[in-house]
Amino acid sequence: MEIFPLNLVLAVAVAAATIFLGFLPTRTIRSAFFAQESLRAAIAWGLIAVVSPPAIVHYQIFIAILCLGAWWQFRSDKALNGKMWLSIASGLGISLGVMLILAVTPRAYPPGWTQEAHAFLLASIYLGGAVIGLAYVGYTLTQGMATRSGVTNEVIQRYVGLLVVLVLARTVLLVVTASTLVSPFRSGMHSIPEGAENSSYTSSLLINHFVEFKVAIGLSGIVLPCLAFAARRAIRSGKQVQASHALAGICLIGLALEILVRFYLS
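Residues numbered from 1 in each chain as written. Predicted model: local features only at pLDDT ≥ 70, side-chain atom pairs only at ≥ 80, totals over all residues. Heavy atoms only, no water.

**A look at the overall build of the protein chain**
And step 1. Helix and strand counts for the protein chain come out as nine helices and zero strands.
And step 2. For the protein chain, the N- to C-terminal ordering of α and β elements is α-α-α-α-α-α-α-α-α.
And step 3. For the protein chain, buried positions account for 48% of its 266 residues.
And step 4. The long-range share in the protein chain, meaning contacts at least 24 apart out of those at least 6 apart in sequence, stands at 77%.
And step 5. Summed over its atoms, the accessible surface of the protein chain is roughly 12600 Å², and 66% of this surface lies on carbon and sulfur atoms. (Helix = DSSP H or I, 4+ residues; strand = E, 2+ residues; numbered from the N terminus. Buried < 20%, exposed > 50% of the residue type's maximum accessible area, 1.4 Å probe, protein only. Contact = heavy atoms within 4.5 Å. Areas by Shrake-Rupley, 256 points an atom, 1.4 Å probe, with all protein chains shown as cover.)

**Examining helix H1 (residues 6-22)**
And step 1. With 17 residues, H1 should cover 24 Å at 1.5 Å per step; its first-to-last C-alpha distance of 24 Å lies within 8% of that length.
And step 2. Counting buried residues in H1 gives 14 out of 17 residues, a clear majority hidden from the surface. (Expected span 1.5 Å × (residues − 1).)

**Concerning the side chain of lysine 83**
And step 1. Position of lysine 83 relative to the elements: it lies in helix H4 (residues 79-104).
And step 2. Although lysine 83 is buried, it makes no salt bridge; aspartate 77 carries the closest opposite charge, 12 Å away.
And step 3. Side-chain polar atoms of lysine 83 contact the backbone oxygen of leucine 24, separated by 2.9 Å.
And step 4. Contacts of lysine 83, omitting those with residues within four sequence positions, involve Leu21, Gly22, Leu24, Thr26, Phe34 and Phe74. (Lys, Arg positive; Asp, Glu negative; His and termini not counted. Salt bridge = Lys/Arg side-chain N within 4 Å of Asp/Glu carboxyl O. Polar contact = N/O pair within 3.5 Å; in protein donor to acceptor, adjacent residues only side chain to side chain.)

**Re a nonpolar patch on the surface**
And step 1. A contiguous nonpolar patch, built from Met1, Ile3, Leu47 and Val50 and spanning about 370 Å² of accessible area, is present on the exposed surface.
And step 2. By the element assignment, leucine 47 lies in helix H2 (residues 31-50). (Patch = residues over 30% accessible without salt bridge, like charges linked within 9 Å, V, L, I, M, F, W, Y side chains within 5 Å.)

**Looking at the pattern of salt bridges**
And step 1. If you walk through the whole model with that rule in mind, you get three salt bridges.
And step 2. The residue glutamate 258 makes a salt bridge to arginine 170 at a minimum N-O spacing of 2.5 Å. Note that glutamate 258 is positioned in helix H9 (residues 240-265) and arginine 170 in helix H6 (residues 153-180), a separation of 88 residues in sequence.
And step 3. Exposure remark for glutamate 258: the relative accessible area of 2% places this residue in the buried category.
And step 4. Of the charged contacts in the structure, one is a salt bridge between arginine 262 and glutamate 258, with a shortest N-O distance of 2.9 Å. Within this pair, arginine 262 and its partner glutamate 258 are both found in helix H9, separated by four residues, close to a single helical turn. For the pair arginine 262 and glutamate 258, a shared accessibility class is recorded, and that class is buried.

So far we have only geometry, and geometry alone does not tell us how the molecule works.
This is the structure we're talking about:
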């Protein structure tokens with residue numbers, strides 16, 4: 001059962017989250033924290049396999065098995081081995097796991113676009129998923145601090161600071177995307193044959209999609225930076241609860257808006 005663009009957005013976000021998890025220090029953070037997140041990553045890749053084309057399901061199941069291997073190692077308190085399993089899963093997920101979805105879903109990476117448009121499209125896919133993945137890791141870190149898993153406020157501050165940078169970079173990219181990747185809408189409108197019975201309906205539909213696409217980009221460029229700055233201010237003030245709410249908002253709203261953007265560009 002293929003559900004695009006949910007499978008693409010989830011794949012990038014989960015792969016990015018495991019990468020950021022891999023950079024966390026196992027010396028201070030307990031293995032139980034990593035075991036829990038590795039298990040969640042395995043479940044997420046299993047979900048991605050369910051909503052992806054059958055031709056690539058076995059690759060995503062393999063990545064899920066690697067995450068289960070990391071979970072088992074962390075559960076046995078073998079942090080180094082767990083990090084190795086998680087690193088392999090992260091590398092395959094961010095590369096093979098994402099590219100296979102693009103390869104078997106032509107509308108995800110439409111032919112006929114300029115090389116510049118393709119470059120911006122791919123960059124926006126990865127950067128959008130990285131924002132969601134890092135926001136999720138930041139949220140779990142705030143929860144880990146509450147459960148005394150060895151997470152320190154300094155670690156959360158570093159990750160939230162990086163999140164602000166990524167959100168701002170994504171905002172700039174979205175502005176460029178809005179002016180570069182709208183060509184499919186324009187070309188689609190110009191390609192409607194004159195006198196066709198459904199030309200007015202198709203033209204109206206394309207215009208509505210174009211407007212909704214711009215609205216989704218506008219919301220992403222306003223809401224996510226505000227939430228990111230709110231999370232950074234809250235964590236600097238030692239208010240973990242407020243920070244976790246802002247980070248959860250970035251995860252949920254960012255996921256919804258990213259799916260909308262991918263939908264209108266497909």
